[in-house]
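Below are the chains, spelled out letter by letter.
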Amino acid sequence: MSASSPHVVLVANARMPSRRAQSVQLAQAARGYHRAGARVTLLHARRRDTPGGRPAAEVLGELLSSGADADCAELVAIPCVDWIDAVPRPLQFAPARAQEWSFGRGAARWVERNAPGALVIARDVEVAHRLRGRAGVAWEVHRVPGGRLRRRWAAEALAAGVRPIAISSGVAEDLAHPELGARDVPVEHDA
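Residues numbered from 1 in each chain as written. Predicted model: local features only at pLDDT ≥ 70, side-chain atom pairs only at ≥ 80, totals over all residues. Heavy atoms only, no water.

### Notes on the sheet that holds strand β2 (residues 39–46)
Defined as follows: Pairing between strands is defined by DSSP: at least two bridges between the two strands are required. Put simply, DSSP H or I for four residues or longer makes a helix, DSSP E for two residues or longer makes a strand, and each gets a number counted from the N terminus. For every element, the axis is a line fit to its C-alpha atoms; helices are fit only across the contacting stretch, and the angle between N-to-C directions ranges from 0 to 180 degrees.
Strand order in the open sheet formed by six strands is β3-β2-β1-β4-β5-β6, and the pairing between neighbours is parallel. Across the chains shown, the open sheet's two edge strands, defined by having one partner strand only, are β3 (74–79) and β6 (163–166). Averaged over all adjacent pairs, the angle separating strand axes in this sheet is 25°, with direction ignored. As defined by bridge partners, β2 adjoins β3 across six bridges and the pair is classed as parallel.

In structure tokens form, the structure reads like this:
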């Protein structure tokens, strides 16, 4: 891609690589933006049980099940607090929130330092909230947050100009709740 190509930064608190649908969908989205002529950077969580250090083309080629467009994105692993699996399942709420929060903070800092003027598409309310007020930020909403704090973050992000993109008409309807106030939300099915 040339220096004049638009820069798209996809941000998701996901493991890369992973056989989970989210990682495959992210690779497919990166490939789609790349084919449309954009320079793509994919920010993902550096989790302690995910192997790192592999070339981006190898990881993306594996997720895309072919070598076609395997060089479609730069992968950037964002460090985060990760001790979720170190505690029994009933006690994982606080570690999970700490992981989400630390990833959101780290990803937003990376965007602010390294991607001025880029279009940012975040899958996590923590990232959308931290980047509120910045031009060119979209929040790909898979589920409207239910907890009070995360719901307040969603409302603040939307009020500050973060553009929501719902993955279903049901999510778009949830975003129209008076507390959130999102109107005319586009629906783009995942990947």
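From this point, the narrative continues.
### A few points about the nonpolar core
To be explicit about the condition: Residues grouped as a nonpolar core are buried Ala, Val, Leu, Ile, Met, Phe, Trp, Tyr and Cys residues, joined through side-chain atoms within 4.5 Å. Burial classes: relative accessible area under 20% of the type maximum marks a residue as buried, over 50% as exposed, and values in between as partly exposed (1.4 Å probe, protein chains only). Contacts are assigned to residue pairs that have any heavy atoms within 4.5 Å of one another.
With 37 residues, the main nonpolar core has Val 9, Val 11, Leu 43, Trp 139 and Leu 175 as its most contacted residues. Excluding residues that lie within four positions of it along the chain, Val 9 makes contacts with Thr 41, Leu 43, Trp 110, Val 111, Ala 115, Ala 118, Leu 119, Val 120 and Ile 121. The next biggest cluster of nonpolar side chains, apart from the first, holds 21 residues, and it includes Val 24, Ala 38, Leu 42 and Leu 64.

### Some words on the environment of Ala 135
Tracing the backbone through its elements, the reader meets Ala 135 in the loop between α4 (125–130) and β5 (137–141). The spatial distance from the C-alpha of Ala 135 to the C-alpha of Gly 117 is 7.8 Å, given a sequence separation of 18 residues.

### With respect to helix α5 (residues 148–159)
Heads up, the rule is: Given a helix with a known number of residues, its expected span is that number minus one, times 1.5 Å.
Between its terminal C-alpha atoms α5 stretches 16 Å, which fits the 16 Å expected from twelve residues at 1.5 Å a residue. For α5, the set of buried residues is Arg 151, Trp 153, Ala 154, Ala 155, Ala 157 and Leu 158. Tucked into the core, α5 has its buried residues touching α3 (93–114), α4, β5, β6 and α6 (169–175). Once α5 finishes, Gly 161 follows within two positions and takes phi at roughly 105°, a positive value.

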